[in-house]
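Descriptive analysis of the structure
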Amino acid sequence: MVLSQRIRFAFFPISIAIILYLIIKYVKAKILLFPLFTVVITSILFLLFLIIYGYKPSRITLRRPKLVDTMVFLLIISTLITGRIGENGIVDWYYLFAAGTAGILLFRIISEYISIPIQLAQIVLFSLTLRATVWFSFPVYGRDTFHHAATGYIVSKGKFVPETITYYANFPHAHTFAAVYTIITGNGFKAGYFSLGIAIALSILGVYLVGRYVLQSKRGGLLSAFFISVAAYHIRSGGEPFAQALFTALVPFILYLFLIANVGKRKIGLLMFLSLFSATIQNIAPLILSLSFLLFMVLAKVSRFIPYSGNRTRLEGRWSIPTSIVGLVAICGLYYYIISDYLIYQVKRVISVILFLQNNREGVNQETLSGSGSAGVPTIELFGQELPGFIMWAAPLLITGGIICFSLYTILFYYISNRDKFIPLVYLGFSILFFIIFSITFASNTNGSTRALPYIFLLISPIFGWLVINVQSNSHPIVNYFIILLAILVALSGMLTPIVAKAELTQDEFQPYLRSNQVSSIEFASSHTDKIIADYDAAGHEEMFKVRRGDGSPNTVFERVLYPESPSSHREFRTRSHNGETTLFFSYYKNAYSIVPPDTNKVYSTGYATIYTG
């Protein structure tokens, strides 16, 4: 495209940027303000891309690629060591080491000569490091400790948690997987349960296969795998694993088989088996799989009526899937919803999203924003400085939205300039629509919606690969540095979003983990008291403690009184503790909930945890 044509096309992103900037002045809700601002910034960046577009591309040439590979492995080891040197929590320097490693790793991937086995090994090891660092940062980590107890129950009792206690008796696959791994390896429970995190890290091999097939490029597969390795909610799914972790680990391989299933009957059979098995792992799995298959099939049929060159049909032309798989997955999911009494709850979830769209509510209330906090958007602290809460919470989705926006600009640019570029149109449309659907679900405060986000980032990963390949191959060499900077930003947003960086939450926030001395106080209270009031997580750990020592009785001494997102429970805890009831009090309650220690007898104290009684 000649310069005059590029100038004419530039009016499009300029117009969008100006219009949205004017709209921003009248928008008050942050949930709308920041996405609009992201589009404005992306429009400006695309204008810069137009300026440097058409220069002779120059891929990075390494004189000693083996030396750089060695450096990457050493950086990964350094990141791992830095993440483990803290007695409790994660030292701040870890995040700088990890971000730098991400930049160097992407630098290696976009250089001229690559070795698929070596680069894949680097990505998987880096992924495993990021997830292991989070999981092992505290003796007890994460909100949903029920899954830890359910796994411990299988290890100690040799049977599933009864259906009278939880509907997960009908969804035992992930708990069984972790329990069997723990028993076979002889590892302690903490390491054994992380087998789900290991499965998440290894699933990046499946993301590579998806990216390689969609983009028809091995480098594209590596870029896709890299993106998911540093994606926020994928880090969380491996670093804070619960039942859905096993589903998240299988999804890349299901998606890959879905795309290539016409190659042979064996692959169709394997696809059906994995799909039906995955639909019974966790309650949200049937919704995701059914919607994915149905949406992709509809888009594939619609795409036949869109005029574009044959070069852009390579993916669609090879696609052929038996429609029966959609019905089988939906029926299987419906059956499990019925037997677990979960059908009504799932229907309510769908209705809540519809009401959100109809009523145009502001959405995103306290519970959605924090995922852990009690007084507004959670804030994390790094090197003594508080980072902006809302931006850090929204950054992973905003950056991903910016990548999508830039890709759409690029596609439109190619069409107008009549350039015959490979565009996997159906897949791009499929992943972008899914991103929009679940962004709306997330904003509508639908309970559990964040658990679908690892899948959304998985779908977006080939878009990241496609964008990097196209930008790098058509621009001035200086664009390589911007690509590396983007990788560092994606990594930082992935590691420092509050739902992942729980170890860095300030003392004003609920602490979704337990230090070793807090664990000691819980176990002491469980053995030496008849009744004690505590918060939700402390009571949950008591259940896990009883199961791990072989006590499967339902009798517990902890009463769940304090819940993070419930102000009424804060008042009840304050009143009952000051009235002389035996209380387990954590030191951060004073800042997080404005609850001061009671003026009763102190019978046990470890610094962070104290037991009071009247």
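Everything in this summary refers to the structure shown in the same document. These numbers were taken from a predicted model, which means no experiment stands behind them. (Residues numbered from 1 in each chain as written. Predicted model: local features only at pLDDT ≥ 70, side-chain atom pairs only at ≥ 80, totals over all residues. Heavy atoms only, no water.)

1. Considering the packing of aromatic side chains
Counted according to the given criterion, the structure contains 35 aromatic pairs. Seen in terms of ring centroids, Tyr427 and Phe430 are 6.1 Å apart; in terms of plane orientation they differ by 65 degrees. Their pairing is edge-to-face. In this pair, Tyr427 and Phe430 both sit in helix H21 (residues 425–443), three residues apart, roughly one turn of the helix. Like Phe430, Tyr427 is buried. Their ring planes at 45 degrees and their centres at 5.6 Å tell us that Tyr536 and Tyr563 sit as a pair that is tilted. With a gap of 27 residues between them, Tyr536 in helix H25 (residues 536–548) and Tyr563 in the loop between strand S6 (558–562) and helix H26 (567–578) connect regions that are remote in the sequence. Residue classification places Tyr563 among the partly exposed positions, given a relative accessible area of 34%. (Phe/Tyr/Trp six-rings, centres within 6.5 Å; stacked < 30°, edge-to-face > 60°. Helix = DSSP H or I, 4+ residues; strand = E, 2+ residues; numbered from the N terminus. Buried < 20%, exposed > 50% of the residue type's maximum accessible area, 1.4 Å probe, protein only.)

2. Quick look at a nonpolar patch on the surface
A surface patch of nonpolar side chains, amounting to about 550 Å² of accessible area, comprises Phe37, Ile41, Ile44, Leu45, Leu48 and Ile51. With respect to the helices and strands, Ile44 occurs in helix H2 (residues 30–52). The exposure class assigned to Ile44 is partly exposed, which follows from its relative accessible area of 45%. (Patch = residues over 30% accessible without salt bridge, like charges linked within 9 Å, V, L, I, M, F, W, Y side chains within 5 Å. Areas by Shrake-Rupley, 256 points an atom, 1.4 Å probe, with all protein chains shown as cover. Salt bridge = Lys/Arg side-chain N within 4 Å of Asp/Glu carboxyl O.)

3. Structural notes on the nonpolar core
Ranked by internal contacts, the top residues of the largest apolar core, which has 148 residues, are Phe226, Phe430 and Met495. No other element matches helix H20 (residues 389–416), which puts 14 residues into this core. Leaving out residues up to four positions away in the same chain, Met495 has contacts with Tyr94, Tyr95, Ala98, Ala99, Leu130, Ile235, Val500 and Ala501. Counting 28 residues, the second-largest nonpolar core is a separate cluster that includes Val519, Ile533, Ala538 and Tyr588. (Core = buried A, V, L, I, M, F, W, Y, C linked by side-chain atoms within 4.5 Å. Contact = heavy atoms within 4.5 Å.)

4. Here we look at unusual backbone geometry
Of note, the phi angle at Gln216 is positive, near 55 degrees, even though the residue is not glycine. The topology assignment puts Gln216 in the loop between helix H10 (204–215) and helix H11 (218–229). Relative accessible area serves as the criterion here: at 32%, Gln216 is assigned to the partly exposed category. In this model, Ser594 sits at a positive phi of 60 degrees, which is unusual for a non-glycine residue. By the element assignment, Ser594 lies in the loop between helix H27 (589–593) and strand S8 (601–605). Taking the relative accessible area as the measure of exposure, Ser594 reaches 54% and is therefore exposed.

5. Observations regarding the environment of Pro498
Tracing the sequence through the fold places Pro498 in the loop between helix H23 (479–496) and strand S4 (513–514). According to the relative accessible area criterion, Pro498 is buried, its value standing at 1%. Taking the C-alpha atoms as reference, Pro498 lies 6.8 Å from Met392; in sequence the two are 106 residues apart. Ignoring sequence-local partners within four residues, the contact set of Pro498 consists of Pro378, Ile380, Met392, Trp393 and Leu505.

6. Structural notes on the pattern of salt bridges
Under the criterion given, the structure shown has seven salt bridges. With its nearest N and O atoms 2.7 Å apart, the salt bridge here joins Asp69 to Arg108. One end of the pair, Asp69, is in helix H3 (residues 65–84); the other, Arg108, is in helix H4 (residues 93–109), and 39 residues separate them in sequence. Assigned by exposure class, Asp69 and Arg108 land together as buried.

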